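Summary of structural features
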2 protein chains.
Amino acid sequence: MTNTPPSSTPLAPGARIGILGGGQLGRMLAVAAAELGFNCHIYCPEENPPAGEVAASTTCAAYEDESALTRFAESVDVVTYEFENVPEKAAALLEAHVPVRPGPLALATAQDRLREKTFLREAGIATAPFAAVSSLEDLKQAVATIGRPSILKTRRFGYDGKGQVKIEADTDLAAAFEEIGRQPAILEGFVPFTREISVIVARGTDGKIAAYDPGENVHKNHILHTTTVPASISEATAAEAMEIARKLIGALSYIGVMGVEMFHLETEGALVVNEIAPRVHNSGHWTQDGCAVSQFEQHIRAIAGWPLGDPARHADAQMLNLIGEDAHNWQAFAQDAKCHVHLYGKKQARPGRKMGHVNRIRALTR
Amino acid sequence: MTNTPPSSTPLAPGARIGILGGGQLGRMLAVAAAELGFNCHIYCPEENPPAGEVAASTTCAAYEDESALTRFAESVDVVTYEFENVPEKAAALLEAHVPVRPGPLALATAQDRLREKTFLREAGIATAPFAAVSSLEDLKQAVATIGRPSILKTRRFGYDGKGQVKIEADTDLAAAFEEIGRQPAILEGFVPFTREISVIVARGTDGKIAAYDPGENVHKNHILHTTTVPASISEATAAEAMEIARKLIGALSYIGVMGVEMFHLETEGALVVNEIAPRVHNSGHWTQDGCAVSQFEQHIRAIAGWPLGDPARHADAQMLNLIGEDAHNWQAFAQDAKCHVHLYGKKQARPGRKMGHVNRIRALTR
C-alpha cells in the first residue's frame, strides 16, 4: 500500500487496460478506453458479461483464483475496477505485477464503512454521527449515544440499500442486529437532509484534480432514479461540495474517478458526506452527454497517466435510470431528440436490475 | 435489389448487428452500437482487426467464402458495412438471409464511378463532365471532347487517389491507359473548384432524412487532412448542399448514413457532386464531438430501424486526421482541453495509414 502517486509516464495508445468487473460500468469504461486507442481485458466471475462485448478479451474466473489473476495481471499494463468490493488479496496480488488504480488505500477505505467515516472525520469533513458496533452490547450503547432514528449498516459489502436496517422508535435492537447477520457494523445517526447531491471528481498521476458540477440525486426503492444537473443548490454550496470532493481525493492520493455522495441540510446550510465510491458512479452518467469529457474517459485518462480532460459542462442534464422493465420503454426515449439512450446489452430485464439510462439534455442555464 | 424501404420494425436492444469490414469505421460503428445496447459481429479477411477489439464476435474470412458468409448472416439481425467495395455476390448472398443496409442499390451505384455519375446526372445533380472509357480509342475520343486537364479513373476500386491518373497537356494517352491497368474507366473533366465540402446525410427506414451541416475538407497527399465546420460558404450554399444530399439519399431509397463530397466553384457559385460514399465517412468524424448524435450513432439508429437522432451541431469543430507518425503526437493533443483524441488501436504507424483523429471544438459561431 502506498501513498505516493505512481510514476506519471503515460500509457501509449495500444496499451492494455485490465478491468475487474464486467457490468455496465466496465462496459462504458471499455468503450471510453477503445476511443482513446487502448484495448481492454475484462476479468469477472460471471459468464458473458456486458463489458465482454466491447473488450478485446475476457477472463471468466473467481476473484480468488490466483493463477487466473496472475495471468490477467501479466496480460495488461494497468488494472482498474468497476466496483469497490474487490477482495484485498486480489488487489495485492495484482499490484505485485502491475499498477492497480485507484489503488489499495482507496479500496480499503471505501470497503469498510467504519474506516471510511473515520477517514472523513480525520480529513475534517462533516459526517453523520457514527459508532462502531461489534456486538449487541455495542449497539445498545451506540443507540443510547446517537439516538433514534438511526441506521445500522454492515461495515462491508453494502450497496443500493442492502445490508442496512433503520432503527426506529420501536425497533428491537436484538432483532435488528440479527437482521444484518450479526456482522461487524456501524450505527449512523439519521441526518435530516433536504437532498442528496454527488460530485464526480478525478485525480491524475500528476496530482491534478478535476471536479464535475454537483448533481442532485433522487432514489426510488433505494436505487438511484434520477440525477439532475445543476442541482438546486446555491453556487456557494456547489463550490463547497466540489471543494470537499477535491480535498478527499487528494487525501487519498487517489488516481482515477471517484464519486462523493453528500447530504445537503438546508436548514443548517451544511454538507455532510455520506459515502465515497472509488470508481465511476451512476450519478455521473450525465457527463456522457453534458460534458466534453465523460467520467468514463476521465477515469481512463487518469489511470493511463494522461492529463485529465476538461470537466466543463456544455448543457443542463437529467439522467434517468432504466431499472428492470423501464428498459422496455426504449422506443419512446429513442424518439425524443433531446434524449440520449444508453443501454447495457443485458439480456434479461429482472426487477431492480440496471438495464440502461437516458440522458435528457437542455440548454445550459448556469 | 429493391427500391422500397424494408419494414420499419425497430431492432430491440440486444439485437445483433453484423459489420463487414474491421477497420476504424467498423470500430466506431461497433462502439456506437454498444452504447445503444446492441452487440456486433465483425466480418473481415484481416486478422486482429481494430473493430474486433470492441465487438462481441469476429469472423476472419474472405468476402468470397460463401459458407462463412452464410454463418455470419445467420448469426445477426441486420448487416451493414464500413466500406463500399463489398463484392456484389457477397451482398446478394447475405441479403437472402438478413436485411443488408444501406443496401445493394447504393453499393452498386457507389462501386462504379460511371454508374454513380450517370445516377447523379439522372437525378438532375451537376457533376464534372464525364465519358466512359473502355479502350484507348475511347480515351482519345473522350479527351477530344472533354479536353485537358482531365482525370482518368478506373470505374471500380479507387479511393484516396488510387486508380487514377491526371491527363495533362503533355500526357501520353496510351501510357495513361496502361497506368490504370487498361481497366474499364471514366474520364472526368477537371473542375476548377475553390474548395471541397461534404455533407453527411442519413435516412431512416421510415423515409425520414437528417443532414448534418456541411464540412470543408482539405486533403494532403490525396488523403483527407482536415474537415472544418462551419465551411467557409454562405448559408444559402450550405442549405443548397444539404438539399442536394437529401435529394440523393432519397433517390437511392437509402437506409443509413452516406457521405456526399462536393466541389464548390466560387466564381460560378455552383456545387458539383464529386463522389458518394455509401457509409459513414471520414469527413463526418467531427460529429462525434460537435453534435448531440454522431454519424456513427445515426447510422446504427437508421439500420436498426430506430428514428433518426438530432443532427444539430452544438459547437464549431475541426477534425484533424492523424496519418502514420502523426499519431505519435497524441500526448500534445491529450494535453489540450479543447481537443478530443480518437485513436483506432492500430499497432503499426505505417506511412499513409489512418491511425486516429482529433476533434478540436470551439464555441458555436453560427
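As shown above, the structure is provided for reference.
My aim in this report is to walk through the structure given alongside it, one point at a time. (Residues numbered from 1 in each chain as written. Chains lettered and ligands numbered in written order. Predicted model: local features only at pLDDT ≥ 70, side-chain atom pairs only at ≥ 80, totals over all residues. Heavy atoms only, no water.)

With respect to empty space enclosed by the protein
- Considering all chains together, one arrives at three cavities of 30 Å³ or more under this definition.
- For the largest cavity, the calculated volume is near 60 Å³.
- Residue assignment for the lining of the largest cavity shows that the elements contributing at least two residues are α1 (24–35) and β16 (339–343) of chain A together with α1 (24–35) of chain B.
- Residue contributions to the lining of the largest cavity peak at three residues, all from α1 of chain A.
- For the lining of the largest cavity, the class distribution of residues is five nonpolar, two polar and two charged.
- A domain-level breakdown of the lining of the largest cavity finds at least three residues from each of domain 1 (16–111) and domain 3 (195–362) of chain A.
- By volume, the second largest cavity is sized at about 40 Å³.
- If you go around the second largest cavity, the residues you meet are Ala 34 and Glu 35 of chain A together with Arg 27, Met 28, Val 31, His 342, Leu 343 and Tyr 344 of chain B.
- Only α1 of chain A together with α1 and β16 (339–343) of chain B provide two or more residues apiece to the lining of the second largest cavity.
- For the lining of the second largest cavity, a count of residues per class yields five nonpolar, one polar and two charged.
- Both domain 1 (16–111) and domain 3 (195–362) of chain B contribute no fewer than three residues apiece to the lining of the second largest cavity. (1 Å grid on protein atoms, 1.4 Å probe; cavity = no way out; pocket = protein on both sides within 12 Å on 5 of 7 lines; lining within 4 Å. Points joined across faces, edges and corners; volume = space filled by probe spheres on them. Helix = DSSP H or I, 4+ residues; strand = E, 2+ residues; numbered from the N terminus. Nonpolar A, V, L, I, M, F, W, Y, C, P; charged D, E, K, R; others polar. Domains from an automatic or database assignment.)

Quick look at helix α6 (residues 136–146) of chain A
All names here are of chain A.
- All buried positions along α6 are accounted for by Leu 139, Ala 142 and Val 143. With its buried residues spanning 100 degrees around the axis, α6 presents them on a single face. Facing away from the buried surface of α6 by more than 90 degrees, the exposed residues are Glu 137, Gln 141, Ala 144 and Thr 145.
- Close packing links the buried residues of α6 with β5 (130–133), β6 (150–154), β7 (164–167), α7 (173–179) and β8 (185–189).
- Just downstream of α6, Gly 147 is the residue with a positive phi angle, here 90 degrees. (Buried < 20%, exposed > 50% of the residue type's maximum accessible area, 1.4 Å probe, protein only. Arc of directions from axis to C-beta. Contact = heavy atoms within 4.5 Å.)

As for the interface of chain A and chain B
- Taken residue by residue, the interface counts 36 residues in chain A and 36 residues in chain B.
- The largest contributions to the chain A side of the interface with chain B come from Glu 35, Glu 53 and Trp 330 of chain A, which together make up 18% of the buried area.
- Between Lys 338 of chain A and Asp 310 of chain B there is a salt bridge, with the nearest N and O atoms lying 3.6 Å from each other.
- The interface formed by chain A and chain B includes eleven residue pairs in polar contact (both at pLDDT 80 or more).
- Of all the secondary-structure elements, those providing two or more residues to the side of chain A that touches chain B are α1, α11 (330–334) and β16 of chain A.
- Looking at the side of chain A that touches chain B residue by residue, the class counts come to 21 nonpolar, eight polar and seven charged. (Buried area = accessible area lost by both parts, 1.4 Å probe. Salt bridge = Lys/Arg side-chain N within 4 Å of Asp/Glu carboxyl O. Polar contact = N/O pair within 3.5 Å; in protein donor to acceptor, adjacent residues only side chain to side chain.)

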